[in-house]
Amino acid sequence: MLAVDGFPYDAALAAGWQTAELTSLASTFPSTSTTAWLTAMTGVGPAQHGVPGMVYRIPGRGTLVYAVTGQVLAQGPADPGGDPRLVIGHPTIFDRAVADGVQCRAVAREIAHLPGPWAQALLRGATVVPSAPSETLARHARDPASLVDAAATEIDEQIGIQIDGQAGGVRRGQPMLLWTYVNLDDYLHRHGYDEPAVAAMAELGSRAARWAQAGWTVIGYSDHGQVRCAPDENLMRAWSALDDPARRLLPAGGAGRVRWLYPAPGDEDEVGGRLAAALGSSARIVATDEAWRDRVGPVIAIAADERFPVPDPSLSWEHGADSADETVVPLAIWRGR
């Protein structure tokens with residue numbers, strides 16, 4: 001399994017993945033990695049696994065956390081009736097495969113270095129292959145060709161394919177499920193779907209065909225896509241003014257093109273109305289679904305165009321909202337012979 005971060009369906013077409021059996025999947029909402037990867041690996045949505053984005057509130061503790069690492073960002077009032085877990089664990093595909101006698105390994109790369117319960121919940125049931133140092137992984141992430149070459153080399157080592165380019169025989173005995181994380185996302189945030197990114201994914205598709213020739217079935221899929229962003233300075237200031245420390249329970253949460261506010265009790269309608277007026281056509285302002293209300297702020301802004309005030313204006317491409325470019329992702333299968 002090739003888990004390519006940030007790779008939408010249209011980019012898969014541009015990279016030639018239609019030479020495999022190619023169809024599309026719908027990402028989660030929000031269309032962000034912490035939510036989507038966990039849903040892909042467990043089959044349950046954010047209301048069940050408790051991860052509605054990158055930054056959200058833990059009700060039983062009242063803390064605002066960064067889901068990727070579990071870091072506490074701020075402390076607010078606790079909800080005694082809320083679930084205090086950052087991630088609510090569920091069986092993964094690894095758990096299910098192991099129960100069927102399958103050996104499961106994860107070439108988790110950057111995820112293998114992450115502390116906290118999110119990575120543990122994502123990889124539960126798999127043997128995690130020791131990863132390269134963080135500095136090496138960061139260097140790969142800046143160059144898509146190096147990224148694909150490094151990830152493919154690790155896969156070759158795990159499945160017994162000869163490194164000299166000749167296909168070795170499939171190892172006999174216990175069947176194996178190998179999951180590999182391919183962090184294209186960091187590059188895309190800066191450069192988008194340029195020629196190096198598409199060429200690297202075309203090369204990954206060629207490697208997948210080679211592994212299929214050697215007898216492996218290869219599945220390539222993604223968590224979300226990305227779209228261009230050019231945040232408007234006036235909208236950034238308007239957002240900051242409404243995220244007022246004097247009138248909030250916690251700082252804003254969310255991720256990228258979906259963000260939410262935690263206004264003081266009783267101020268929700270006023271803040272929502274002011275936010276809708278301030279952001280205008282750049283966003284849709286909605287109330288939180290009841291199933292998410294203990295974790296997500298009551299006022300949600302969903303980006304409608306590139307002017308939306310994203311948390312990091314230095315990034316040229318972002319995701320998190322519900323546009324097709326962010327939510328329609330590939331599922332490609334190269335059948336083993």
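For the structure itself, consult the block above.
Everything numeric here is computed off the predicted structure, so don't read it as measured data.

Enquirer: How do you make sense of the pairing of strand S9 (residues 218–222) when you look at a structure like this?
Expert: Regular strands place their side chains on alternate faces of the sheet. With four of its five residues buried, S9 lies for the most part within the structure. Sheet topology note: the strand S1 (residues 2–4)/S9 ladder contains three bridges and is parallel. Paired with Val4 across the strands is Ser222, a residue of S9. Pairing of S9 with strand S16 (residues 328–334) involves four bridges; the strand directions are antiparallel. Along S16, the bridge assignment pairs Val218 with Trp334.

Enquirer: Is there a simple way to think about the pattern of salt bridges in this case?
Expert: Between side chains of opposite charge, a pair can form as their charged atoms come close. For the structure on display, the rule yields 14 salt bridges. For Asp95, the salt bridge identified is with Arg124, shortest N-O distance 2.9 Å. With Asp95 in helix H4 (residues 93–99) and Arg124 in the loop between helix H5 (117–123) and strand S7 (127–128), this residue pair connects regions lying 29 residues apart in the sequence. A salt bridge links Asp267 to Arg247; its shortest N-O distance comes to 3.1 Å.

Enquirer: Is there a simple way to think about the packing of helix H7 (residues 144–159) against helix H9 (residues 195–213) in this case?
Expert: The description of two packed helices rests on the angle between their axes and on the distance between the axes. Between H7 and H9, the least distance of the axes is 8 Å, while the angle of their chain directions is 15 degrees. In terms of orientation, H7 and H9 fall into the roughly parallel class. Regarding H7 and H9, the two cross each other, and that crossing is right-handed. Touching Pro144, Ala145, Val148, Asp149, Ala152, Ile155, Asp156 and Ile159 of H7 are Pro196, Ala197, Ala200, Met201, Glu203, Leu204, Arg207, Arg210 and Trp211, all from H9. Looking at the contact of H7 with H9 residue by residue, the classes come out as 12 nonpolar, no polar and five charged.

What counts and how
- Residues numbered from 1 in each chain as written.
- Predicted model: local features only at pLDDT ≥ 70, side-chain atom pairs only at ≥ 80, totals over all residues.
- Heavy atoms only, no water.
- Buried < 20%, exposed > 50% of the residue type's maximum accessible area, 1.4 Å probe, protein only.
- Helix = DSSP H or I, 4+ residues; strand = E, 2+ residues; numbered from the N terminus.
- Pairing = 2+ DSSP bridges.
- Salt bridge = Lys/Arg side-chain N within 4 Å of Asp/Glu carboxyl O.
- Axes fitted to C-alpha atoms, helices over the stretch in contact; angles between N-to-C directions.
- Parallel < 35°, antiparallel > 145°, perpendicular 65-115°, else oblique.
- Left-handed = near helix turned anticlockwise from the far one by under 90°.
- Contact = heavy atoms within 4.5 Å.
- Nonpolar A, V, L, I, M, F, W, Y, C, P; charged D, E, K, R; others polar.

Nothing here speaks to function; it is all geometry.
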